[in-house]
Amino acid sequence: MSTLEIKNLQVSVETEEGSKQILRGVDLTIKSGETHAIMGPNGSGKSTLAYSLAGHPKYQITGGTVTLDGANVLEMSVDERAKAGLFLAMQYPVEVPGISVSNFLRTAVTAIRGEAPKVRTWVTEVKTAMADLSMDPAFSERNVNEGFSGGEKKRHEILQMELLKPKFAILDETDSGLDVDALRVVSEGVNRIKSNSDVGILLITHYTRILKYIKPDFVHVFAAGRIVEEGGAELAEKLEEKGYAEYVTA
Amino acid sequence: MTLASNILENHTTPTGREEAWRFAPLARTRGLHEVESAILDRPSLKVAGSGSGFSFTLIDGRESLSKTDDVVVLKVRNGTSHVQELKIEKNAVIAEPIFLSRDLSGSSVEVAEASRLVIRAGSHSQATVVIENAGAMTLAEEIEILLEDGAQLRFVTLQEWSDETVHIGRHHAIVGRDATFSSYVITVGGGFVRLLPTVEYAGPGSSAELFGLYFATANQFLEHRIHVDHAIPHAKSRVHYKGALSGNGAHTVWIGDVFIRAAAEGTDTYELNRNLLLSDGARADSVPNLEIETGEIVGAGHASTTGRFDDEQLFYLQSRGIPADEARKLVIRAFFMEILSKLALPEIEERIAATISKDLQGVEL
Ligand SMILES: Nc1ncnc2c1ncn2[C@@H]1O[C@H](COP(=O)(O)OP(=O)(O)OP(=O)(O)O)[C@@H](O)[C@H]1O
Ligand SMILES: [Mg+2]
């Protein structure tokens, strides 16, 4: 049983007009096996939270703490956080021309597991995981995310989640840009990982349609850089119906 | 210029103020750019092994296939009475690459040499030619490449010279109807290298892809000056050069001149240059230049970037557990592999990758 604990997290970005505060005291605790959905208007700081947890250098932590089973996450480098068990499925996965998917996955898995996977089992492992996500095996010879469609990029993110087996996964709008079939395939992928592991999930989304597949234990409303309301799955329904108006003060 | 510019006598030695020479440190050419300096006529290319479908011979004659106003190339033409000729028979399909390398026996950096090569790719032939330049030389050269109708030629030049080498040269391709020319210019060695990959088209349906890769370390000057002349309709060009620099005084120059003349309707062209600056004290000049005289084209574009690592790529790799220094090495390797892997020559790919890794050793990334 692991715990990811975010306390009073405050984050700023450097802009041309100086430092701009985006996160204004986020409190959130996620335990193994739990699924937390975060919903909130555009620009409210959801991706900022996701990137800050992963350690993107653009975001400056100006206050608060993040711990994983008591260890200070904010002191870890980006790769150390991944090795500690954090995974971020990005809203906009990055293209890396010149590195094949297979080379990338192998390098990442070797880094996370601390040893190179056995060639024979590895090939099967990747093939199976790709097949489960309905990804054409030809993707393994393509360059990382280069020329992938939006939906293909998202499947590739979940493929990595499956192979890297994190303790906590942050899925930043993994459902955006997916057609109905892809949404089902990707959701089933996440559910498979959930049932085979004890992963805790922070699922950022704008839509309840993904929550019909991936059942959240908690729903948090995010507005203006903090969590403003918490509830169960029923809160998502209410948000979809009524929007965020009551949480956004002009 | 009022006098015919393709005659050496009408030229004076470049001073460095000319547009074509403005980036070059002329003090480092060992006089190779000077109109008056002596040059030895020595056909220095040799072919590795033998094969069928082609011949490699020394022929008399000064006749050139193309025009140039480059002083050094004119010097080469003036100073040589022989041309080495690689002839690929018409309809020949040659699977194995033809390797030409420099014969350095009797050669010395103190003696400037001129070398001329003509490659004739017969109609509908398919071949790969690899020119391997290594060792220490002071070399001025011209390579003229004629692709007859429907020929497909892959032309690879490797500059793996040692540090003292001065190399100034022109590779000029004349691409016939429905012919496809692919060139790969890979420059990872040499103290002063200035190459002019140039293309003209002789018939519609023709296509030229110019790929390049260069890596300059401390005090290396590497210049690639591309010139693509679309003077006839329905021809295509793609230019994609990538370079990295590290170390004090590393200097690269990339010029991409693409002209679309009024008659060149249906032209499709795109040129791209990317430079990766790995340390302070290095300088990358990159000048794309597209001149368009007709609007009736399929497409024309250019892009040029020079910068340090792509932070988003590094972050992505690190977020998957890959440590920062390994991620940087992966990104550099990836940067080059985008071009190298297109070569489809695994041995050369590995050799160049190894040279780059060696150059990167000790570099604070
Ligand atoms: N470099 C920057 N300069 C100025 N503002 C920035 C910068 N980076 C981020 N922001 C701002 O931070 C705010 C939060 O952005 P973030 O991407 O976290 O929002 P989000 O909740 O993920 O939105 P969406 O639902 O659209 O994905 C936005 O208003 C954004 O414009
Ligand atoms: Mg976002």
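Bear in mind that the values here come from a model prediction, so they are computed numbers and not experimental data. (Residues numbered from 1 in each chain as written. Chains lettered and ligands numbered in written order. Predicted model: local features only at pLDDT ≥ 70, side-chain atom pairs only at ≥ 80, totals over all residues. Heavy atoms only, no water.)

This paragraph deals with the layout of surface pockets. All names here are of chain B. Size it by volume and the largest pocket reaches roughly 860 Å³. Ala-20, Thr-68, Asp-69, Asp-70 and His-227 are the residues nearest the centre of the largest pocket, which is lined by 30 residues in total. For the lining of the largest pocket, the secondary structure elements donating two or more residues are strand E10 (166–175), strand E12 (192–201) and strand E14 (221–230). No other element matches E12, which puts five residues into the lining of the largest pocket. (1 Å grid on protein atoms, 1.4 Å probe; cavity = no way out; pocket = protein on both sides within 12 Å on 5 of 7 lines; lining within 4 Å. Points joined across faces, edges and corners; volume = space filled by probe spheres on them. Helix = DSSP H or I, 4+ residues; strand = E, 2+ residues; numbered from the N terminus.)

Our focus in this paragraph is the domain arrangement of chain B. Residues and elements named next belong to chain B. As assigned here, chain B comprises domain 1 (2–308) and domain 2 (310–365). Between the C-alpha centres of domain 1 and domain 2 the distance comes to 26 Å. Contact residues are listed per partner, giving 27 residues for domain 1 and 21 residues for domain 2. Of the roughly 2,000 Å² buried at the junction of domain 1 and domain 2 (both faces included), carbon and sulfur atoms supply 74%. Among the residues domain 1 hides against domain 2, the three largest losses belong to Leu-213, Phe-215 and Lys-242. Together they make up 25% of the total. Remark: the boundary between domain 1 and domain 2 carries three salt bridges. Put simply, Lys-242 and Glu-338 hold a salt bridge, and the shortest N to O gap is 2.3 Å. Put simply, domain 1 and domain 2 have five residue pairs in polar contact (both at pLDDT 80 or more) between them. (Domains from an automatic or database assignment. Contact = heavy atoms within 4.5 Å. Buried area = accessible area lost by both parts, 1.4 Å probe. Salt bridge = Lys/Arg side-chain N within 4 Å of Asp/Glu carboxyl O. Polar contact = N/O pair within 3.5 Å; in protein donor to acceptor, adjacent residues only side chain to side chain.)

What follows concerns the coordination of the magnesium ion (ligand 2). Residue and element names in this part refer to chain A. For the magnesium ion (ligand 2), the protein coordination sphere consists of Ser-47 (OG) and Gln-91 (OE1), at 2.0 to 2.3 Å. With a gap of 44 residues between them, Ser-47 in helix H1 (residues 46–54) and Gln-91 in the loop between strand E6 (86–89) and strand E7 (96–100) connect regions that are remote in the sequence. Judged by its relative accessible area of 15%, Gln-91 falls in the buried class. (Donors = N, O, S within 2.8 Å, 3.2 Å for Na, K, Ca; no water. Buried < 20%, exposed > 50% of the residue type's maximum accessible area, 1.4 Å probe, protein only.)

With that settled, the discussion passes to the side chain of Ser-44 of chain B. For Ser-44 of chain B, the location among the structural elements is in the loop between strand E1 (40–41) and strand E2 (45–47). In this structure, Ser-44 of chain B is in contact with Gln-84, Ser-101, Arg-102, Asp-103, Glu-113, Ser-115 and Met-137 of chain B, ignoring residues within four places of it in sequence.

To continue, consider the interface of chain A and chain B. Contacts between the two partners involve 33 residues from chain A and, on the opposite side, 17 residues from chain B. Overall, the association of chain A and chain B removes approximately 2,000 Å² of surface from exposure, summing both partners, and the carbon and sulfur fraction of that is 68%. Our count for the chain A to chain B interface comes out at one salt bridge. With a shortest N-O distance of 2.7 Å, Arg-320 of chain B and Glu-157 of chain A are connected by a salt bridge. Across the contact surface, chain A and chain B share nine residue pairs in polar contact (both at pLDDT 80 or more).

Here the focus is the packing of aromatic side chains. In total, this model carries nine aromatic pairs over all chains according to the counting rule given. Seen from their ring centres, Phe-139 of chain A and Phe-148 of chain A are 4.9 Å apart, and the 75° between their planes marks the pair as edge-to-face. Ring geometry for Tyr-184 of chain B against Phe-211 of chain B: centres 5.2 Å apart, planes inclined by 25°, an arrangement best described as stacked. Of this pair, Tyr-184 of chain B sits in strand E11 (residues 180–187) while Phe-211 of chain B sits in strand E13 (residues 207–216); the two residues are 27 residues apart in sequence, bridging distant segments of the chain. The same class applies to Tyr-184 of chain B as to Phe-211 of chain B, namely buried. Through a chain of ring-to-ring contacts, the aromatic side chains of Tyr-51 and Tyr-59 of chain A together with Phe-315 of chain B assemble into a single cluster. (Phe/Tyr/Trp six-rings, centres within 6.5 Å; stacked < 30°, edge-to-face > 60°.)

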